[in-house]
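As a plain string of letters, each chain reads:
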Amino acid sequence: MKRTLFYLRTHQKQLLQIAVSLFFVGLGIYFLRHERAEVRNIKEVLLKAHQGWVLSGVALLGLFVAVQGWMYVYSFAAIGQRIGLGNATGLYLKRNLISVFLPAGLLTNLFFFNEELERKEGVTQTQSYLASSIFSICSILSSVIIGLPALLWLFLRSRLSVGMIWGVLSVAAFLIILFLGIRSFLHKGTVYRLLARKAPAFIQITDQLESHAFNSKAFYTVVALSCLIEIIGIAHLYISIEALGGHATLAQAAIGYAVVLVLLMSSPFLRGLGAIEVALSFTLTQFGFSTIEAASIALLFRFFEFWSLMILGALLIVVQRGALLVRVFPALLLFVLGLVNILSAVTPAVPERLRLLKEYLPLTAIHASTYFILFSGILMLGIGAYLMRGLRNAWWMAVALSGLSLAMHLTKGIDYEEALLACVVLASLLYERKQYFIRNDPKLVRLSWFPGLVIIGSVLLFGTIGYYLMDEQHFSADFTVWQSFRASVSTFLLLKVDLVPVTRFGKEFFYGMNFLGGATLAYLGFLLLRPLAYHAEAEIDDRVKAAELIEKYGRSGIDYFKTYRDKSYWFGEDGEGFVAFKTSRSYAVALELPVGKDEETAARLVTGFERWCRRNGLRTAWYRVPESNLRIFEQLGKKALAIGEDASINLDAFTLQGGDNRSLRNVVNRLTKEGYTFHTYDPPHRDNFLQQLRAVSDEWLQDNDRHELSFSQGTFEEPELKNQPVFTIENQEGKILGFVNIIPSYAPGEANFDLMRKTTDSPNGTMDFLFINLFEKLKSQGFRRCNFGMVPMSGIDSPGNVQERIIKLAYERMRQFSHYKNLRFYKEKFHPEWQMMYLVYNAPFDLVYLPGALEKIMQPDEE
C-alpha cells in the first residue's frame, strides 16, 4: 500500500496527463456511440463532398506545410543561422507526428530529430534548441494574436445565442489568461518562477535565447508566418463547410477554429484527439448545421489539419529510415491501429457489406468480431508503451492482436480499409522484430499463474451465482445455471451479447462484472509484460577470481568496489578480464570500465558484454566512466552524459601555507588547542572499536536523515572495516567524534577512502581537521595523490546537449540539489583537481528509464 501511495505521489503529472487524454478519447467514443444513427450517414456525406473545394483544401495543405517550414527557416535566422527549406519542412513533419504521442507535445517535440539537422546543416545542438523554442513560442503567441481579435469581432458583429455568447466569453477568457501568462513570463514574474521549478529545461533554453545574438526582424517574421498558419486553419474550416454543401461564413470558420485552438493548447497528450471532433461538431450545430453535417465538416477539417500531416510525417520517417523508426514507428502504428479499432467498433458497418456478410456468417460471429475489435483496440493502446521499451512479449502480443485484427475486420463488416492498416502494422512489426529482445520474467509469470487463475475462477463463480440468484425483474430473464455461467463469462470478457439490464441494480451488477473482468485481464496482461528481472548471483569463486584480476590489472580508484557482494560478473572468453555490473529492471548497469590488461582488451570486453546482455534480454549502461576513457565507447557509437566531477588531491602540492589556506590552518590550531587529537588505527580491529565506529555512523545517518548507498561506494560493513586502516578524531576523554576508513586503490601512487562520518556533537571543523591530518599521513607514507570522491551534477560549465543543460540548471537553481553545491564548495577548499565522469548509454530513449534503474541499483542489497 505504501509503495502504491508513493507511486501515485511521484507520478501525479503523468497520471493526470493519461487521465485527461483518455477522457478526450472517451469523449469521442461516447459521441460516436450516442450519435450512432447519424454517424451511419457521415461516410455518405463525405463521399459527396465537392471535389473542387476538397482539392483547394489539399492545395492549401501544401501551403500550410511550406509555411511551417519557413517558420523554422526564420527561427534559425533569428539566432543568426541558416538552414534549407527542405530540411526545415521535414523537421516540422516529423516533429508534428511525434508530438501527438508526447506529453505537452507542442513544446516537448523540440527535443527530437536534432542530430539529423545538426549533421546536415552544421548547426549546434544549442542553436537547434533555441530556434525550436522560438518556433514554439511564436506558435502560442499567434493563437493569442489571431484568436482574441477574432472573438472580439464575432462578439460585436454576430447575433449569437446565450449559450454561444458564454462559449465565446470562455474562449476569450482562456486566451486572455494565456496572454497574461506570457506577459508574466517575459517579465520574469510568477509564471516564470513557476516554470523555473516545474520545467527547468524550458527556462534554461529561454534564458540562453535571451542572452544569444538575436535578429528581431526574423523573429517578427516567424510571428507573422505563425499568424498565417492560423489564417490557413480558418480557411480550412471554411473550405470544409463549403465542400460539404454548406454556406460558410467567416464567423462560423473563425469561432470554430478558436475552439480548436483552445483544445489544442489545453490537451496534454494526443493533440486533442476526440475532444476536438466533438467540440467542433457541437459548435457548428449552434450555427444551424445538423449533427451529420457538423460531424462530417469536423472530420474533413481534421483530415486537412491533423491526419494528412500525420500521414506525411509517417511517410517521411519511413523514407528516411533511422533510429526513431527502428524503435518507435511500429509502436506508433500499433497505437494508430488501436484507435482505428476502437472507432471501427463503435461506428456502424456499411449496410451493403453487412448484408453480404450475413449470408456467410451467423450474427453472433459478427458481434463477437466487433467486441474483439473494441477490446483489442484498448489493449493496443497499452501494449504500445511496452513495445517502445523493446519487450519481446509485447511484440508477440502486438503481432497476435494485429493478425487477429486483420481477420476480424473482415468478419466484422468486410472493413478492408482497416484490415489493410492491420496488415501494414503486422508487416512493420515483423520487419523490426530484432529490436524487441527484452524478455519477460518467466519466474514471475509461473508464480502468478495460480493466483491469476484463482482470481478468474473467483470472479466467474461470483458472476455465475449472482446471475443465478438474480430476480427476473433485473434482466427480464430467469437464468439457469448454464445461462448464468455464459452470462458471467460474457460480462467478464466485456461482451454484452443479449444481456440488457433493466433496473438500477441490474446495471450496477452488469457494469461491476465488466469492471472486474477488465481489471483481471489487465492484471494478467501486466504480468505477461513484466520485463525480465535478471539476477545473476555471483559465486564466491567469481568474486575471488575478480579480486585476483584487479590485483593483476586494476588501475582505478574504485576497482575495489567491483568486488563488493552486490556485484555480478561477466568474464571474457580468455578469463583475463571482466565486467562488474548490477541489474535493475531490464538494464545491466556496469560500474566504470572493464578490468583488463589494456585499453584494447577493455574495448573487446565492452563488445562481448554488450552481446551477452542482448542474448539475455538486457540493455546496457556504464556508470562513472572517466572522461579520459570515453574514446573506448565513442568508437562503438555510444552516447555519454556528464553526471558530475571526481576530485583528486595532489599530495605533493598539498600545503597549509599561503593566504588561501588560512581557514584550514585556523581549524587545525583551534581544535589542537582545545585538546582534540588525530589517531591512526591499523587492522585488524577489535569488536569494541568497531562498535564505537558503528555508533558514530548510525548517529550521522540519523542526524542527516540519510540512508546507505552502494554500487560505486561502500556501506558500513564490519567485516570490511575490520581489515582496513581507520583514522579518527577524538576528544580528551577518548570519544571518537569522526572517522575515515582507507580502502585499496589500484591507481598508481593514489590512496582512497570510503566512509567519512561524524557525530552530532562534534566541533565545527571536525572533518577539515581529519582530512588535513589524513593527507599529511598519506603523504608521509609515500602516496602522491588521494581520491576525494565525486560531486554529482557539478562542473558542467558548457553543456553539450539538453540533458546536460537540465542537470546544470537543477544543480544551480533547484533547492533539492543545493547540497551538491555545498559539497563542491567544501571540497574546493582543499584545491583538488577535477575530472568529469559520465554515464554511457546506447540510445536517447534509455534516458527515460535509466534514472529509475540507477536509483534502484544504488540501494544496498538486503541480507
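In this text the structure is predicted, and so the values were computed from the model without any measurement. (Residues numbered from 1 in each chain as written. Predicted model: local features only at pLDDT ≥ 70, side-chain atom pairs only at ≥ 80, totals over all residues. Heavy atoms only, no water.)

Caption draft 1: Highlighting the packing of aromatic side chains. Evaluated as defined, the whole model comprises 39 aromatic pairs. Between Phe-609 and Trp-622, the ring centres sit 5.5 Å apart and the planes meet at 75 degrees, which makes this aromatic pair edge-to-face. On the criterion of sequence distance, the pair formed by Phe-609 in helix H28 (residues 599-615) and Trp-622 in strand E4 (residues 619-626) is long-range, its members being 13 residues apart. A relative accessible area of 1% means that Trp-622 is categorised as buried. Among the aromatic side chains, those forming a connected cluster through ring pairs are Phe-654, Phe-753, Phe-771, Phe-775, Phe-788, Tyr-826 and Phe-830. The side chain of Arg-824 reaches across the aromatic face of Trp-834, ending 4.0 Å from its centre. (Phe/Tyr/Trp six-rings, centres within 6.5 Å; stacked < 30°, edge-to-face > 60°. Helix = DSSP H or I, 4+ residues; strand = E, 2+ residues; numbered from the N terminus. Buried < 20%, exposed > 50% of the residue type's maximum accessible area, 1.4 Å probe, protein only. Lys NZ or Arg CZ within 6 Å of the ring centre and 35° of its normal.)

Caption draft 2: Focus on the nonpolar core. In this structure, Tyr-72 and Ile-83 are the most contacted members of the largest nonpolar core, which totals 57 residues. Among the secondary structure elements, those contributing two or more residues to this core are helix H5 (51-77), helix H6 (85-99), helix H9 (125-157), helix H13 (216-243), helix H14 (250-266), helix H15 (275-285) and helix H16 (291-319). The element that contributes the greatest number of residues to this core is H13, accounting for 13 residues. Those residues in contact with Tyr-72 that sit more than four places away from it in its chain are Ile-83, Ala-88, Leu-91, Tyr-92, Arg-95, Ser-132 and Phe-135. (Core = buried A, V, L, I, M, F, W, Y, C linked by side-chain atoms within 4.5 Å. Contact = heavy atoms within 4.5 Å.)

Caption draft 3: Summary view of the environment of Ala-843. Within the element layout of this structure, Ala-843 appears in the loop between strand E11 (833-841) and helix H36 (846-857). Considered as a pair, Ala-843 and Lys-638 are 205 residues apart in the sequence and their alpha carbons are 7.6 Å apart.

Caption draft 4: Local environment of the packing of helix H30 (residues 662-673) against helix H33 (residues 766-780). The geometry of H30 relative to H33 is characterised by a closest axis approach of 9 Å and an angle of 100 degrees between their N-to-C directions. Here H30 lies roughly perpendicular to H33, going by the angle between them. In this structure, H30 uses Leu-664, Val-667, Val-668, Leu-671 and Thr-672 to contact H33, whose residues at the interface are Thr-766, Asp-768, Phe-769 and Ile-772. Residues that form the contact of H30 with H33 fall into these classes: 6 nonpolar, 2 polar and 1 charged. (Axes fitted to C-alpha atoms, helices over the stretch in contact; angles between N-to-C directions. Parallel < 35°, antiparallel > 145°, perpendicular 65-115°, else oblique. Nonpolar A, V, L, I, M, F, W, Y, C, P; charged D, E, K, R; others polar.)

Caption draft 5: Here's a closer look at the pairing of strand E8 (residues 736-743). By the criterion of burial, E8 is predominantly enclosed, with 8 of the 8 residues buried. Judged from the 5 bridges that link them, strand E7 (residues 726-730) and E8 form a sheet pairing that is antiparallel. From the neighbouring strand, Glu-730 faces E8, where its bridge partner is Ile-736. Connecting the antiparallel pair E7 and E8 is a turn made up of 5 residues, with Gly-734 showing a positive phi of about 85 degrees. Pairing of E8 with strand E9 (residues 750-758), which is carried by 5 bridges, proceeds in the antiparallel orientation. Within E9, the residue paired with Gly-738 across the bridge is Lys-758. Following E8, the chain reverses through 6 residues before pairing antiparallel with E9; Gly-749 in that reversal takes a positive phi of roughly 70 degrees. (Pairing = 2+ DSSP bridges.)

Caption draft 6: Spatial organisation of the pairing of strand E3 (residues 587-591). Counting buried residues along E3, 5 of its 5 residues qualify, which places the element largely inside the surrounding structure. Burial of E3 is two-sided: the residues Tyr-587, Val-589 and Leu-591 facing one way and the residues Ala-588 and Ala-590 facing the other way are all buried. Sheet topology note: the strand E2 (residues 578-584)/E3 ladder contains 4 bridges and is antiparallel. Of the residues in E3, the one forming a bridge with Lys-582 is Val-589. Bridge count for E3 against E4 is 5 bridges, and the pairing is parallel. Residue Leu-591 lies in a different strand from E4, and its bridge partner there is Tyr-623. Read from E3 through H28 to E4, the crossover connection turns out right-handed. (Right-handed = clockwise from strand over helix to strand, strands pointing away.)

Caption draft 7: Region of the structure containing the pattern of salt bridges. Throughout the structure, instances matching the rule amount to 21 salt bridges. The partner of Asp-652 in a salt bridge is Arg-784, and the shortest N-O contact between them spans 2.8 Å. Residue Asp-652 is found in the loop between strand E5 (639-650) and H30, and its partner Arg-784 is found in the loop between H33 and strand E10 (785-792); the two are separated by 132 residues along the sequence. Accessibility expressed as a relative area gives 52% for Arg-784, which makes it exposed. Ionic pairing is found between Glu-718 and Arg-694, a salt bridge with its closest N-O pair at 3.9 Å. With a gap of 24 residues between them, Glu-718 in helix H32 (residues 718-721) and Arg-694 in helix H31 (residues 687-703) connect regions that are remote in the sequence. In this structure Glu-718 comes out as partly exposed when scored by relative accessible area, which is 28%. (Salt bridge = Lys/Arg side-chain N within 4 Å of Asp/Glu carboxyl O.)

Caption draft 8: Just the confidence of the model for the chain, in detail. Per-residue confidence for the chain averages 77 on the pLDDT scale, and 74% of its residues sit at or above 70. Note that pLDDT drops below 50 for residues 1-40; the model gives that stretch 40 contacts with residues more than four away or on any other chain. (pLDDT = per-residue confidence, 0-100.)

Caption draft 9: The arrangement of the side chain of Lys-827 in detail. Considering the arrangement of structural elements, one finds Lys-827 in helix H35 (residues 818-828). Setting aside chain neighbours within four positions, we find Lys-827 in contact with Phe-788, Gly-789, Met-790, Val-791, Pro-832 and Trp-834.

Caption draft 10: Main features of a nonpolar patch on the surface. Nonpolar side chains collect at one region of the surface, where Val-58, Phe-303, Ile-311, Leu-312 and Leu-315 lie side by side and expose about 420 Å² of accessible area between them. Here the nonpolar patch gets 4 residues from one element, more than from any other, and that element is H16. Positionally, Leu-312 belongs in helix H16. With a relative accessible area of 35%, Leu-312 lands in the partly exposed category. (Patch = residues over 30% accessible without salt bridge, like charges linked within 9 Å, V, L, I, M, F, W, Y side chains within 5 Å. Areas by Shrake-Rupley, 256 points an atom, 1.4 Å probe, with all protein chains shown as cover.)

Caption draft 11: Structural view of unusual backbone geometry. Following Pro-683, the chain continues to Pro-684 via a peptide bond in cis, the omega torsion being 0 degrees. When you line up the elements, Pro-684 lands in the loop between strand E6 (677-681) and H31. A positive phi angle, close to 55 degrees, is found at His-831, a residue other than glycine. For His-831, the location among the structural elements is in the loop between H35 and E11.

Caption draft 12: Representation of H30. Along its 12 residues, H30 runs 16 Å from first to last C-alpha, staying within 8% of the 16 Å computed at 1.5 Å per residue. Those residues of H30 lying buried are Leu-664, Val-667, Val-668 and Leu-671. Around the axis of H30, the buried residues are gathered within 95 degrees of arc, so they sit on the same side. Among the exposed residues of H30, those oriented more than 90 degrees off its buried face are Arg-662, Asn-669 and Lys-673. Contact partners of the buried residues in H30: E7 and H33. Following H30 by one or two positions, Gly-675 has its phi on the positive side, about 95 degrees. (Expected span 1.5 Å × (residues − 1). Arc of directions from axis to C-beta.)

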